[in-house]
Amino acid sequence: AAPDTAVLFEPRDILITERLIEGARIENRAAGTLRIESSILEGVSLAGSSFASIIWKDVRLVRCDLANLETRYLTLTRVELIDCRMTGFRAGEANCQDILVSAGDQRHCQLRFSKFKSAEFDSCNFAEADFQGTDLSGSIFRKCTLRNTEMSKVRLLNADLRGSLVEGLRMNAEDVRGAVVDPSQAMIFASLLGIRIE
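Residues numbered from 1 in each chain as written. Predicted model: local features only at pLDDT ≥ 70, side-chain atom pairs only at ≥ 80, totals over all residues. Heavy atoms only, no water.

Peer 1: Just checking my understanding: could you explain the pairing of strand β5 (residues 70–82) for this structure?
Peer 2: A regular strand places its side chains so that they alternate between the two faces of the sheet. In this structure, strand β4 (residues 50–62) lies alongside β5, joined through 11 bridges in parallel fashion. Looking at the pairing, I55 lines up with T75 of β5. Judged from the 11 bridges that link them, β5 and strand β6 (residues 90–102) form a sheet pairing that is parallel. Note that in β6 the partner of L81 across the bridge is V101. (Pairing = 2+ DSSP bridges. Helix = DSSP H or I, 4+ residues; strand = E, 2+ residues; numbered from the N terminus.)

Structural data, given as structure tokens:
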């Protein structure tokens with residue numbers, strides 16, 4: 001356990017390894033790199049903070065507040081975000097591998113022109129989120145809300161959207177190519193393809 005969490009977040013470039021951090025409030029902080037490895041964060045608030053880059057590896061975040069957290073470069077490797085508040089989360093460029101985002105609130109988050117590999121999204125609320133130009137190939141969206149989500153120019157090859165709400169999803173016909181959908185979703189996507197089902 002981290003004895004004094006405020007001290008951990010004081011440097012311009014922050015490095016945190018093998019720590020359990022609970023209940024810390026590091027809000028509206030501006031810094032260089034936020035690197036966290038082999039750690040667990042529970043109930044931590046980074047709301048409104050801004051980092052030049054965020055690098056998390058082997059990290060689990062539980063019930064954390066990441067609302068309006070902003071970074072130019074985001075790298076996540078083997079990261080779990082469980083029931084986290086991520087409204088307005090913004091990453092200029094994200095590279096994410098082996099991640100799980102479960103529950104929480106991700107409305108209005110911006111992850112444009114990013115890459116996700118082996119990503120799973122479970123019961124997420126991505127309403128009004130922006131994934132434009134993002135590679136989501138092979139990703140799993142389980143029971144997610146994608147209402148009015150921007151997905152133009154995305155790659156969805158083998159991405160599984162079954163069971164998610166896709167009404168109002170903003171994309172073009174070529175964007176849905178290769179995605180796995182259920183019959184009710186196929187009816188919605190048919191209009192993109194110019195298909196009339198009678």
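Peer 1: Would you explain the packing of aromatic side chains in this entry?
Peer 2: Any two aromatic rings considered together are summarised by their centre-to-centre distance and by the angle between their planes. One pass over the structure, following the stated rule, counts 5 aromatic pairs. Geometrically, the ring pair formed by F121 and F126 is edge-to-face, given 5.5 Å between the ring centres and 85° between the ring planes. Note on accessibility: F121 and F126 belong to one class, buried. Where F126 meets F131, the ring centres are 5.1 Å apart and the plane angle is 70°; that geometry is what we call edge-to-face. On the accessibility criterion, F126 (2% relative accessible area) is buried. (Phe/Tyr/Trp six-rings, centres within 6.5 Å; stacked < 30°, edge-to-face > 60°. Buried < 20%, exposed > 50% of the residue type's maximum accessible area, 1.4 Å probe, protein only.)

Peer 1: What should I look at first to understand the nonpolar core in this one?
Peer 2: Generally speaking, nonpolar side chains in soluble globular proteins are found buried as a group. Judged by nonpolar contacts, the single largest core of 58 residues is most densely connected at W56, L61, L66, L81 and F121. Of all the secondary structure elements, the ones that give two or more residues to this core are β1 (14–17), β3 (30–42), β4, β5, β6 and β7 (115–122). L66 has contacts with L46, W56, L61, L81, R85, M86 and F89, leaving out every residue within four places of it along the chain. (Core = buried A, V, L, I, M, F, W, Y, C linked by side-chain atoms within 4.5 Å. Contact = heavy atoms within 4.5 Å.)

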